[in-house]
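# Chains, contacts and geometry: an overview
Residue strings, one per chain:
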Amino acid sequence: MNTITKGNRYKYKTKKWLENQGFKVEYSEMVRYYFDKNKNRMIPIKKDLFFSDIIAVRSDLVAFVQVKVNRRNLSPAKALLGALAVPKNVEKWIVVWTPMKNEPDIIKIAP
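As a starting point, this report considers the structure included with it. Here the structure is a predicted model, which means the values were calculated and not measured. Residue indices follow the written sequence of each chain, beginning from 1 at its first position. Reporting of local features is limited, given that this is a predicted model, to residues whose pLDDT is at least 70; pairs of side-chain atoms are given and counted only at 80 or more, and all residues count toward the totals for whole chains, interfaces and linings. Remark: hydrogens and water are excluded; side-chain values derive from all non-hydrogen atoms of the structure.

### Details of the pairing of strand β4 (residues 54-58)
Rules: In short, DSSP must find at least two bridges between two strands for them to pair. Only DSSP runs of H or I with at least four residues qualify as helices, and only runs of E with at least two residues qualify as strands; both kinds are numbered from the N terminus onward.
Looking at chain direction, strand β1 (residues 24-27) and β4 are connected through four bridges and run antiparallel. Residue pairing in the sheet places K24 in a bridge with V57 of β4. In the sheet, β4 pairs with strand β5 (residues 61-68) via five bridges, with the strands oriented antiparallel. Directly across from I55, in β5, lies its bridge partner F64. What sits between β4 and β5 in their antiparallel hairpin is a turn of two residues.

### Comments concerning unusual backbone geometry
Note the threshold: For each residue, the accessible area found with a 1.4 Å probe, counting protein chains only, is set against the maximum for its type, and the residue is called buried under 20%, exposed over 50%, and partly exposed in between.
Not every positive phi belongs to a glycine, and N40 is a case in point at roughly 55 degrees. Within the element layout of this structure, N40 appears in the loop between β2 (29-36) and β3 (41-48). Note on N40: relative accessible area 57%, which makes it exposed. Positive phi, close to 55 degrees, is recorded for N73, a residue that is not glycine. Here N73 lies in the loop between β5 and α2 (75-83).

### As for a nonpolar patch on the surface
In plain terms, the rule: For patch building, the residue pool is restricted to those with more than 30% relative accessible area and no salt bridge; the joining distance is 9 Å between like charges and 5 Å between nonpolar side chains (Val, Leu, Ile, Met, Phe, Trp, Tyr). A 1.4 Å probe and the Shrake-Rupley method give the accessible areas. Residues count as covered only by the protein chains that appear here. In the sections that follow, a salt bridge refers to a side-chain nitrogen of Lys or Arg positioned within 4 Å of a carboxyl oxygen of Asp or Glu.
Nonpolar side chains collect at one region of the surface, where V31, Y33, F35 and M42 lie side by side and expose about 420 Å² of accessible area between them. The leading source of residues in the nonpolar patch is β2, at three residues. Locating V31 in the fold gives a position in strand β2.

### Digging into the sheet that holds strand β6 (residues 90-96)
Put simply, the rule reads: Working convention: axes come from line fits to C-alpha atoms, limited for helices to the stretch in contact. Angles between N-to-C directions cover 0 to 180 degrees. By the convention used here, residues are in contact when the closest approach between their heavy atoms is within 4.5 Å.
Taken in spatial order, the five strands line up as β1-β4-β5-β6-β7 in an open sheet, and their pairing is mixed. Every interior strand has two partners, whereas the edge strands, β1 and β7 (105-109), have only one. Looking at each pair of strands side by side, their axes are set apart by 25 degrees on average, direction ignored. Its contacts with the sheet put helix α1 (residues 3-20) on β1, β4, β5, β6 and β7, and the angle it makes with β1 is roughly 160 degrees. In the packing of α2 onto the sheet, the strands contacted are β5, β6 and β7, and the crossing angle to β6 comes to about 170 degrees.

Below is the structure:
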């Protein structure tokens, strides 16, 4: 399984897990296109909004969620989410899935 397919699978798994926790969930990615003059075609560039893959909303909480498949290279995600200024009732999470586990590990980033 390639990395894009694996990442999309775990984003979907996270979305379903959050919905079971009572959240309304949406993906927070944007695709922009730019024209490459050398190749003479449009090139898609995918970008996360608010440095997160998912935005989850519940009556008591809003969470910006970055999904990771393993614990390697969490530092860039922690740095980007840590730099994001949010109100008090908004949390920033890194959801880490370990293969062969049914529940993710949640790393909460301090405001």
